[in-house]
Each structure stands twice: as structure tokens, then as C-alpha cells.
Amino acid sequence: MQAKKRYLILLSAGACLLLLSYLGGVQLPAASRSRHDRSRTGYRPDQPWPHFSDPLHLFSPVDHTDTQEYNLHISPRQKRDGNASVYRGKRCRADSCFDFAPCQRGGFKVYVYPQQKGEKISESYQNILSTIEGSRFYTSDPGQACLFILSLDTLDRDQLSPQYVHNLKTKVQSLPLWNDGRNHLIFNLYSGTWPDYTEDLGFDIGQAMLAKASISTENFRPNFDVSIPLFSKEHARTGGERGFLKYNAIPPFRKYVLVFKGKRYLTGIGSDTRNALHHVHNAEDVVLLTTCKHGKDWQKHKDARCDQDNAEYDK
């Protein structure tokens, strides 16, 4: 009886081994055939997924890296590392990332993407687009354009701002004329959020030029990007009085030589610079006004100069 049991056990073990060998023999050729098929189609694991511009796939699921909840649980170091992907075109220059052929054919013409229904746009960005559309450089024909401007509002990329546009990465990459940003100009005034204020715009600008305020020297690409001042929404779009700065007129013939008005930032990035402005403020021809009223808990960081600074700022 014991011998019969041992015989059955051995027989079962042998059958299992044969079954495993059979299944393994079937899968291995399939795997090798799959690798062979992929190599024939040009697939390589180091290549990114191809880009599709099919209008049926304009809006994919929400990008979780573009949400406030995600950014509350990501460290400043991870955010800084993320800038490397946003600025992966760091070596771009006019001769390497800009196609001059359309400009040579039709002159310097600027195309503004049509505004999408339901997309929110700030007053400041609307002024920029209206100024371009009212200029002699504007063209409504993308085939004649030398330069392309997004209708998507990219001015304020602070996720705590009500002007922040969500899912911008998906929306930009779905544009049929995007072409990795080539011959595109992107405007930006604010990027990142308190307290680290990284220059992450929330999407890869690719080969696009960047017209940005407060851009760092590390990310600025000479002869390609444009450094612009940080202007308020009340700034006049056109017109204004004629400037008084004359050739060889030093100092210029005007009342104020230097003017600044803004938040002081008692802590965090930018605080050292803003806190030093009072040293050169003379309330005559150099007027540098700052307020401590920034954030909900500014009074916790209040210093001895805040009351006086706030009073002068409010004037």
C-alpha cells in the first residue's frame, strides 16, 4: 500500500514538471517573437510614446502633477528637479530651435491661436493678445505665420492663484501646430508658488521661446528668451506720455529715477532682496515702497519697520 502511494506521488510530480516545461516552452517563443516584432516596427524602450494630434484625444485624464494636493506632498527638491524636464530645451538658441524659413517667405507675421470656448483668460493676457492682433504683424493664417502665440493663458502659473489654468500640459500638447514649441513664444509673469517659487510652468515648453519676468540666469537662454518686466493688469496697453530719456542725458530729465512698489516678503525666497530696498529709498527721486501684508500670517513675521512701510505703501 505504501509503495502504491509513493508511486502516485512520483507520478503526480512528474506530470507537474512536464506541464511547467510545456507552458514555459510556449511562452518563451512568444516573448522572443514579441521582441522581434517590436524591433521590426522600430520600437525601442528608451523612446517616449509617440505624440498623437487626433482631435478625439484632446483631453486625457487629469494630470495629477498639476493639482494643488499633489504639490502639497512634494518636496522643494523634487520640484527643482522637475524644472529640468520643463527646461529640457536649455541649449536652444535661435539658430538651433527656430525655423527662419516661414519668416523669409512671408515676412514677420504673428499668428494667435483662436480662443477656446470656456477657457478662462486674465485681463493682462487678453491685453497682450489684443495688442498683437491689432498690430501690422498679425495674421489670421497660420500658413503665413513666422511666430505663434498661445491663446491659453500662461501668465500666472502659481497654483494658488485664481488665474491658474489647470491641465495646461495636456491642452498645449494637443495643439496641432505645437510642433514641440518650435517658433512659439510663451508669456509668463508668475511661476511656482510660495515659499520656494520654482520656475516650473507646469508643462514642457520644448523649443518655444520664453518671454518671462523674474527669470533666473540659470534658465535664461541668451539670444533666444526675452526678459520682460513684471507689469500689473492696470498697465496701459498702448499710448502714454512720451519718454524724457534723451541721448547722453545722464541723469535723465525726469522727477523719478527709480520706482518700485510691491510686497516685501518677510520670509522665503526674495525676502533678502526686498528687505534691503529701504537702504536706497530716499522718498525723492528714488521711491521704493514695500508692504509687509503678504499671506494670512504676515503678522507673525512682522518686524520693527512694517508699520512705517505699510503706511508709506498705502499712500
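Note that the coordinates shown come from a computational prediction; the quantities given were computed from them, not determined experimentally.

Let us now look at the pattern of salt bridges. The full count for this structure, using the stated rule, is 8 salt bridges. For Asp-225, the salt bridge goes to Arg-221, with nearest N and O atoms at 2.8 Å. Across the pair, Arg-221 and Asp-225 agree in class, each one buried.

Within the structure shown, the criterion is met by 3 disulfides. Bridging Cys-103 to Cys-146, the disulfide has an S-S length of 1.8 Å. Classification of the bridge connecting Cys-103 and Cys-146 rests on its S-S torsion, roughly 65°, and on that basis the disulfide is right-handed. Here Cys-146 lies in the loop between helix 6 (123-133) and strand 2 (147-149) and Cys-103 lies in helix 5 (residues 101-106), a separation of 43 residues in the sequence. A relative accessible area of 1% means that Cys-146 is categorised as buried. In this model Cys-292 forms its disulfide with Cys-306; the gap between the sulfur atoms is 2.2 Å. Every disulfide takes its handedness from the sign of the S-S torsion; for Cys-292 and Cys-306 that torsion is -95°, giving left-handed. Within this pair, whereas Cys-292 is found in the loop between strand 9 (286-291) and helix 9 (306-314), its partner Cys-306 is found in helix 9, the two being separated by 14 residues in sequence. You can call Cys-292 buried: its relative accessible area is 1%. Its relative accessible area of 0% is what places Cys-306 among the buried residues. Counting its disulfide-bonded cysteines in sequence order, the protein chain shows a connectivity of 1-2, 3-4, 5-6.

Moving on to the side chain of Asp-158. Position of Asp-158 among the secondary structure elements: in the loop between strand 3 (156-157) and helix 7 (168-173). Using a relative accessible area of 15% as the deciding quantity, one classes Asp-158 as buried. Engagement of the side chain of Asp-158 in a polar contact is seen with the side chain of Thr-193, the distance being 2.7 Å. Beyond its immediate chain neighbours, meaning those up to four positions away, Asp-158 contacts Tyr-164, Tyr-190, Gly-192, Thr-193 and Tyr-197.

Another aspect to go through is the nonpolar core. Residues Tyr-125, Ile-149, Leu-150, Trp-178, Ile-186, Phe-187 and Phe-203 are the most contacted members of the largest nonpolar core, which totals 40 residues. Counting only elements with at least two residues in this core, the list comes to strand 1 (110-112), helix 6, strand 2, helix 7, strand 4 (184-188) and strand 6 (209-212). Looking at this core element by element, the count peaks at 4 residues for helix 6.

With that out of the way, let us pick up the packing of aromatic side chains. How two aromatic rings sit relative to each other is given by the distance of their centres and the angle of their planes. Under the counting rule described, the total for this entry stands at 4 aromatic pairs. Where Phe-108 meets Phe-137, the ring centres are 5.7 Å apart and the plane angle is 75°; that geometry is what we call edge-to-face. Separated by 29 residues along the polypeptide, Phe-108 in the loop between helix 5 and strand 1 and Phe-137 in the loop between helix 6 and strand 2 bring together distant segments of the chain. Given the relative accessible area of 44%, Phe-108 is considered partly exposed. Assessed through its relative accessible area of 30%, Phe-137 is described here as partly exposed.

The strand order 1-2-4-6-7 describes an open sheet built from 5 strands, whose pairing is parallel. Both edges of this open sheet fall to strand 1 and strand 7 (226-227), since each of them pairs with a single strand only. Note: strand 2 against strand 4, 2 bridges, orientation parallel. Across the sheet, the residue bridging to Phe-148 is His-184, located in strand 4. Here helix 6 sits on the sheet in contact with strand 1, strand 2 and strand 4, set at roughly 135° to strand 1.

A few words now on the pairing of strand 4. Where burial is concerned, most of strand 4 is hidden: 5 out of the 5 residues are buried. By the alternation rule, side chains of strand 4 split into His-184, Ile-186 and Asn-188 and Leu-185 and Phe-187, which are all buried. Sheet analysis places strand 4 next to strand 6, joined by 4 bridges and oriented parallel. Bridging across to strand 6, Asn-188 finds its partner in Lys-212.

Reading the values: rules and limits
Residues numbered from 1 in each chain as written. Predicted model: local features only at pLDDT ≥ 70, side-chain atom pairs only at ≥ 80, totals over all residues. Heavy atoms only, no water. Salt bridge = Lys/Arg side-chain N within 4 Å of Asp/Glu carboxyl O. Buried < 20%, exposed > 50% of the residue type's maximum accessible area, 1.4 Å probe, protein only. Disulfide = S-S within 2.5 Å. Helix = DSSP H or I, 4+ residues; strand = E, 2+ residues; numbered from the N terminus. Polar contact = N/O pair within 3.5 Å; in protein donor to acceptor, adjacent residues only side chain to side chain. Contact = heavy atoms within 4.5 Å. Core = buried A, V, L, I, M, F, W, Y, C linked by side-chain atoms within 4.5 Å. Phe/Tyr/Trp six-rings, centres within 6.5 Å; stacked < 30°, edge-to-face > 60°. Pairing = 2+ DSSP bridges. Axes fitted to C-alpha atoms, helices over the stretch in contact; angles between N-to-C directions.

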